[in-house]
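Structural overview
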Amino acid sequence: MSVKNSWKKVRHGATLLAVGALGLFLSGCSARGIYLMHPEGAISKTSFHYFLLDVGIMLLIIVPTTLLAIWATMRYRKGGHGAYQPQWSHSTAIEIVVWGIPLITVGVLSYLSVKAIYAVNPYNPEVIAKAEKKAGSTPLEVDVIATDWRWLFVYPQQHIATTNQLVVPRGIPVRFRLTSTSVVNDFIIPQLVGMIDVMPGMRTKQALIADHRGNYLGFSADYSGAGLSWMHFNTHVVGKRKFQAWVSSIQKTPQSLSYKGFNRFARPYIPVGQKTQPIFGHVKPGLFDFVVREVMRGKTWNTPMNMTENMVAYLKKQSKLQKEGYY
């Protein structure tokens, strides 16, 4: 068998193997499950736009380079058609290509990176500022407090709060203030807004605007202990009228949240299953700032040892404690 025929068989086998591996790898993927590929908000769409630009530019380098590497290997291998030039040492054209194209690429990527940073900057995103100016309405303010292991969403303008449930109106800019009671968490709603740290005793900011009604998953993306696996929340994007109706219904809830009540709420809690989480029809003004100050002064909500040593047994105990009003 000739070297040429052997090489053809090797290439054919490698191609089949690569195609088969790719098919096996993608067989378990669901297009709708890849949240980052289905942006539904101004921030997420902007991030996705620049992501595609970056990938496209890099492919303009990677694909030709790969093809040229294969071409050179085939042409100058033993038995190939490349001319043997043992005295060759320099080519101005090659120097221009191998130095010029990377420099241009780095410059373009740097320019796009700067534009993207200003466009989706959590503290002052340009896309949200433009949306606010266009909408001509006051943005909705939401204070986010991460506990072990739940999310509390306080609406200071409406004086209400919900647990593990974020409801926002479609087309209205939403601005968040975020803090944590214990350790660092990461707040992210992949289809609406990117990830940002939520830190104890500190305040970070984030913003979003949702373009379409629907339900979107949000969660913590930083390991924070035993209950992290269940530390997710539902984000409901509704129409303006439906949002006002929802606010009115929450405000009729008799349960209120005071500073003392928050100290009870913030105790470590594992939100397993689909149990109904508390909602509050009235929230003590300044709760967010109260939490930040308390944590800065050294306030802690300690995790019981038996919570992590035997989680199954503790969940039974937790259910009993919840009925007794411990949480």
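In the block above lies the structure referred to throughout.
Attention in this report is confined to the structure presented alongside it. Because the structure is predicted, anything quoted here is derived from the model rather than measured.

Right, let's get into a positive patch on the surface. A surface patch of like charges, here positive, comprises Arg170, Arg213, Lys240 and Lys242. Classification of Lys240 by relative accessible area gives exposed; the value is 52%.

What follows covers the sheet that holds strand β1 (residues 140-146). Judged by pairing direction, the sheet is mixed, and its 6 strands sit side by side in the order β8-β5-β1-β2-β3-β12 without closing on themselves. The open sheet has two edge strands with one neighbour each: β8 (204-208) and β12 (279-280). The pairing of strand β3 (residues 160-163) with β12 spans 2 bridges and is classified as antiparallel. Directly across from Ala161, in β12, lies its bridge partner Phe280. Relative to the sheet, helix α5 (residues 240-251) contacts β1, β2 (151-155), β3 and β12, its axis offset from that of β3 by approximately 95°.

Across the sheet, 5 strands lie side by side as β4-β10-β9-β6-β7; this open sheet has mixed pairing. Of all strands in the sheet, those bounded by a partner on one side alone are β4 (165-169) and β7 (193-198). Pairwise comparison of adjacent strand axes, ignoring direction, gives a mean angle of 20° for this sheet. Of the strand pairs in this sheet, β4 and strand β10 (residues 232-238) are connected by 5 bridges, and their pairing is parallel. Bridging across to β10, Val168 finds its partner in Val237.

This part takes up the environment of Val120. Looking at the element boundaries, Val120 is found in helix α3 (residues 92-120). With 73 residues separating them along the chain, Val120 and Ser47 place their C-alpha atoms 7.2 Å apart. Here Val120 is in contact with Ile43, Thr46, Ser47 and Pro125, once residues within four sequence places are set aside.

By the criterion of burial, β1 is predominantly enclosed, with 6 of the 7 residues buried. With 7 bridges joining them, β1 and strand β5 (residues 174-180) adopt parallel strand pairing. Counterpart to Ala146 in the pairing with β5 is Ser180. Across 4 bridges, the pairing between β1 and β2 is antiparallel. Bridge pairing links Ile145 to Leu152 in β2.

The rules behind these values
- Residue positions are counted from 1 within each chain, in the order its sequence is given.
- For this predicted model, a pLDDT threshold of at least 70 governs which residues receive local features, and a threshold of 80 or more governs which side-chain atom pairs are given and counted, while totals over whole chains, interfaces and linings are taken from all residues.
- Only hydrogens and water are set aside when side-chain values are computed; all heavy atoms of the structure are taken into account.
- Nonpolar side chains (Val, Leu, Ile, Met, Phe, Trp, Tyr) are joined into patches within 5 Å and like charges within 9 Å, using only residues with over 30% relative accessible area and no salt bridge.
- To be clear on the numbers: accessible area is Shrake-Rupley with a 1.4 Å probe, and residue cover counts the displayed protein chains and nothing else.
- By salt bridge we mean one thing: a side-chain nitrogen of Lys or Arg within 4 Å of a carboxyl oxygen of Asp or Glu.
- Counted as positive: Lys and Arg. Counted as negative: Asp and Glu. His and the chain ends are not counted at all.
- Charge positions are represented by NZ for Lys, CZ for Arg, CG for Asp and CD for Glu.
- Burial classes follow relative accessibility: with a 1.4 Å probe on protein chains only, a residue under 20% of its type's maximum area counts as buried, one over 50% as exposed, and anything between as partly exposed.
- DSSP calls a pair of strands paired once it identifies at least 2 bridges connecting them.
- Only DSSP runs of H or I reaching four residues or more are called helices, and only runs of E reaching two or more are called strands; each is numbered from the N terminus.
- Contacts between residues were defined by any pair of non-hydrogen atoms, one from each residue, lying within 4.5 Å.
- Only the stretch in contact is used when fitting a helix axis, every axis being a line fitted to C-alpha atoms; angles between N-to-C directions are given from 0 to 180 degrees.

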